[in-house]
Amino acid sequence: MNETVIERATDEDAAEILVLQRCCWVSEAISNNSMDIPPLHEDLPTVRAWVKESTVWTARRGGRLVGAVRGTADGTAWQIGRLMVAPDLAGNGLGRRLLQRVEQNAPEHFTRFELFTGSRSLRNIRLYTRAGYSQLPPDPSHIPGVVYLSKPNAINSD
């Protein structure tokens, strides 16, 4: 069995990330009864831009892109997004490993991690809850049908 290698994404990874992203978010669209999910509508220039501007990690197994995640600065929070694992490998711990990698490599000055997922994406919510995230109370600025979660950055916790 091939080992999974997690490393920083480059511009050369963008096209594969886009394909994987579409594969992964189709099931999210079905679970949440909505095709109005931004990852399904991004194009290659958009993915290239966020690979360049954010901290993006990829997971490869035998050369195949099987997962990715990004971290982006947002005030005092490290926003984690686009956590994706190839559907045929889901449920085997790779999502957890990618989440840990993006958290561990966040700049130290961020006081918390934040992310969101569809309210019907129960597998995602379980993953995030097990990783120590708590659901944030509803806020008028939140997207309807989306659950927002947060946890303190342990490096900056007193």
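Above this text you will find the structure in question.
Position numbers for residues start from 1 in each chain and track the written sequence from start to end. For a predicted model such as this one, the threshold for reporting local features is a pLDDT of at least 70, and the threshold for listing and counting side-chain atom pairs is 80 or more; totals across whole chains, interfaces and linings nevertheless cover every residue. Water and hydrogen atoms were dropped before computing side-chain values, which therefore reflect all heavy atoms in the structure.

Q: Hey, could you go over the packing of helix α1 (residues 14-31) against helix α2 (residues 44-53) for me, with residue numbers and the actual values?
A: All axes are obtained by fitting lines to C-alpha atoms, using only the stretch in contact for helices, and the reported angles, taken between N-to-C directions, cover 0 to 180 degrees. The secondary structure listing takes helices from DSSP runs of H or I that are at least 4 residues long and strands from runs of E that are at least 2 residues long, numbered from the N terminus. Between α1 and α2, the least distance of the axes is 9 Å, while the angle of their chain directions is 115°. As far as their axial angle goes, α2 and α1 are roughly perpendicular. Every pair of crossing elements has a handedness; the one defined by α1 and α2 is right-handed. On α2, the residues that touch A14, A15, I17, L18 and Q21 of α1 are L44, V47, R48, W50 and V51. For the contact of α1 with α2, a count of residues per class yields eight nonpolar, one polar and one charged. Under this scheme an angle from 65 to 115 degrees is roughly perpendicular, one under 35 degrees roughly parallel, and one over 145 degrees roughly antiparallel; angles in between are oblique. Take the far helix as the reference: if the near one is turned anticlockwise from it by less than a right angle, the crossing is left-handed, and if turned clockwise, right-handed. Contact between two residues is taken to exist if any of their heavy atoms lie within 4.5 Å; hydrogens are not considered. Ten residues, namely Ala, Val, Leu, Ile, Met, Phe, Trp, Tyr, Cys and Pro, are considered nonpolar, four, namely Asp, Glu, Lys and Arg, are considered charged, and the remaining ones, Gly among them, are considered polar.

Q: Help me get a handle on the pairing of strand β3 (residues 64-74), residues and values and all.
A: Side-chain positions along a regular strand alternate between the two faces of the sheet. Of the strand pairs in this sheet, strand β2 (residues 55-61) and β3 are connected by seven bridges, and their pairing is antiparallel. The partner of R60 across the bridge, within β3, is L65. Two strands pair if DSSP finds at least two bridges between them. Here β2 folds back onto β3, and the loop between the two strands holds two residues, one of which, G62, carries a positive phi near 60°. The pairing of β3 with strand β4 (residues 77-85) spans seven bridges and is classified as antiparallel. Bridge pairing in β4 links A68 to M84. Count of turn residues in the β3/β4 antiparallel hairpin: two residues, of which G75 carries a positive phi of about 65°.

Q: I'd like a description of the packing of aromatic side chains, backed by residues and values.
A: Pairing of aromatic rings covers Phe, Tyr and Trp, the last through its six-membered ring, and needs centres within 6.5 Å; plane angles under 30 degrees mean stacked, over 60 mean edge-to-face, and all others mean tilted. Tallied over the full model, the rule gives three aromatic pairs. An angle of 45° between the planes, with centres 5.2 Å apart, marks the rings of W78 and F110 as tilted. Taken together, the residues span a long stretch of sequence, with W78 in strand β4 and F110 in the loop between α3 (94-104) and β5 (112-118) at a distance of 32 residues. In this structure, W78 and F110 share a single accessibility class: buried. Their ring planes at 65° and their centres at 6.1 Å tell us that Y128 and Y133 sit as a pair that is edge-to-face. Across this residue pair, the class does not change: Y128 and Y133 are buried. A ring is scored as having a charge over it whenever the NZ atom of a lysine or the CZ atom of an arginine sits within 6 Å of its centre and within 35 degrees of its normal. One residue, R8, lies across the ring of W57, its end atom 5.8 Å from the ring centre. The aromatic ring of W50 is capped on one face by R70, whose charged end is 4.6 Å from the ring centroid. The cut-offs for exposure are 20% and 50% of the maximum accessible area for each residue type, with area from a 1.4 Å probe on protein chains only; residues under the lower value are buried, those over the upper are exposed, and the others partly exposed.

Q: Which residues make up the pattern of salt bridges, and what values go with them?
A: Throughout this description, the term salt bridge denotes a Lys or Arg side-chain nitrogen within 4 Å of a carboxyl oxygen of Asp or Glu. Overall, the coordinates contain seven salt bridges when judged by the stated rule. Residue R64 is joined to D88 by a salt bridge in which the shortest nitrogen-to-oxygen separation is 2.7 Å. In this pair, R64 sits in strand β3 while D88 sits in the loop between β4 and α3, placing the two residues 24 residues apart along the sequence. Of the residues examined, R64 reaches a relative accessible area of 39% and is grouped as partly exposed. Between R112 and E114 there is a salt bridge whose closest N-O contact spans 2.7 Å. Judged by its relative accessible area of 14%, E114 is buried. Among the charged side chains, a salt-bridge network with shared partners connects D13, E16 and R60.

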